[in-house]
Amino acid sequence: MTLLAIETSCDETSVAVIRDGAVLSGIVSSQIKLHAEYGGVVPELAAREHLRNLIPVAHSALSAAGISVGQLDAVAATQGPGLPNALLVGFKAAQAVAFALNKPFIGINHHEAHLYSPWIESGGGTSAAIFSKFQANVSLIVSGGHTMLVLVESELKHRVLGGTIDDAAGECFDKTGKLMGLPYPAGPLIDQLAEQGDPSAFDFPRPLLHDVSDDFSFSGLKTSVRYFIRDHPALLDDRQKVCDLCASVQAAIVEVLVKKTIHAAKRNGVRCVTASGGVTCNRALRHELTRACEREGFVLRLTEKSLCTDNAAMIGILAERKLLVNVPLPSLDEEIKPGWVLA
Ligand code: KG4
Ligand code: ZN
């Protein structure tokens, strides 16, 4: 089966071509620079940029895969959750292609797709979903908009265990970085600066660390960084102190993410942990999750860095899997679901 997948839920315009579990091509056009001057994603600008980029990105994906539109057997797109106007661009374009070709169309939940991205491996210049290695797992989805723990009992069967009750972990990186004067998105910069800092220099709270739930909360941590900077303004003029601050904030976020993930896996009796979403690029998180899983004797599957942030390859891999097991197809007049909550 050859499938075209489109992802436009936020600020990445992405198109991928999938064939029999392999990613023939995956192109991502990021809008980060466009939104940086506003300090966050501006929904209307994101939608207009998707309109501008979608056709060129689709052309590039098809030509990189060596596939013509007529060779497609199915089309998929992100149906939700996401920014309404941004979702509309990719979703309606995908439906139109499916309608014109008279081929199946499938709308995908963006978060469900994140659950399977850790199983996509690259090697020899290609990427493929290695479902033969699949095992029941607890999956951490951690990005700028979301932080959640999901029990994936078997392929296509999952249950959400918990999520953030306020800010997402990526949002906490970005907002505390902004307080330090770092440009948006601050997450990758904090990661870099933290390399030269001391994670025990300053003590910040680890919210809900010992709470029995699988929920997260990061707004209190952000507030305590705000007060800390207000009380020590000179600190921002000292580069080493800024590195120490980055390392200390990062250590607090990472400790909560890692300990709660491991705890959820133990409590649910699974021996495999996976992680995806933009914050999974963070080196300290990757390092600490690796160490914790080694200690517990757990299998760890960290999504490859290029697939951590939003991409159409993960949408296509899940869509193909669903088509192969004959999930009921939505009709072509289905609409986007901007608030689609993973159950
Ligand atoms: O998944 P993503 O591209 O978009 C959504 O938010 O859906 O994630 C972007 C988030 C931003 O908050 C960004 O700061 C964070 O992921 N991020 C990082 C790193 N790379 C991206 N946070 C910490 N360390 C990183 N290396
Ligand atoms: Zn995402």
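All values derive from a computational prediction rather than experimental measurement.

### Quick look at the sheet that holds strand β2 (residues 12-19)
Across the sheet, seven strands lie side by side as β5-β4-β1-β2-β3-β7-β6; this open sheet has mixed pairing. Where the open sheet ends on each side, the last strands, each with one partner, are β5 (105-109) and β6 (120-123). Pairs of neighbouring strands in the sheet enclose a mean axial angle of 30°, with direction left out of account. Relative to strand β4 (residues 74-80), strand β1 (residues 2-7) runs parallel, the two sharing four bridges. By the bridge assignment, Ile6 is partnered in β4 with Ala77. Sitting on the sheet, helix α2 (residues 43-65) touches β1, β2 and β3 (22-30), and the angle it makes with β2 is about 25°. Helix α3 (residues 84-101) contacts β1, β4 and β5 of the sheet and is inclined by roughly 155° relative to β4.

### Thoughts on the site of ligand 1
Near ligand 1 there are 17 residues, and of these Gly144, Asp174, Asp191, Gly278 and Asn282 occur at the shortest range. Asn282 has a polar side-chain atom sitting 3.0 Å from a nitrogen atom of ligand 1. Computed on the free molecule, ligand 1 has an accessible area of 550 Å², of which 88% lies beneath the protein chains in the complex. Looking at the shell around ligand 1, the elements with two or more residues in it are α5 (169-179) and α6 (187-194). Of the residues assigned to the shell around ligand 1, the class counts are five nonpolar, eight polar and four charged. In this structure, the shell around ligand 1 is formed jointly by two domains, domain 1 (2-131 + 307-324) and domain 2 (136-270), each of which donates at least three residues.

What counts, and where the lines are drawn
- Residues numbered from 1 in each chain as written.
- Chains lettered and ligands numbered in written order.
- Predicted model: local features only at pLDDT ≥ 70, side-chain atom pairs only at ≥ 80, totals over all residues.
- Heavy atoms only, no water.
- Pairing = 2+ DSSP bridges.
- Helix = DSSP H or I, 4+ residues; strand = E, 2+ residues; numbered from the N terminus.
- Axes fitted to C-alpha atoms, helices over the stretch in contact; angles between N-to-C directions.
- Contact = heavy atoms within 4.5 Å.
- Near = heavy atom within 4 Å.
- Polar contact = N/O pair within 3.5 Å; in protein donor to acceptor, adjacent residues only side chain to side chain.
- Areas by Shrake-Rupley, 256 points an atom, 1.4 Å probe, with all protein chains shown as cover.
- Nonpolar A, V, L, I, M, F, W, Y, C, P; charged D, E, K, R; others polar.
- Domains from an automatic or database assignment.

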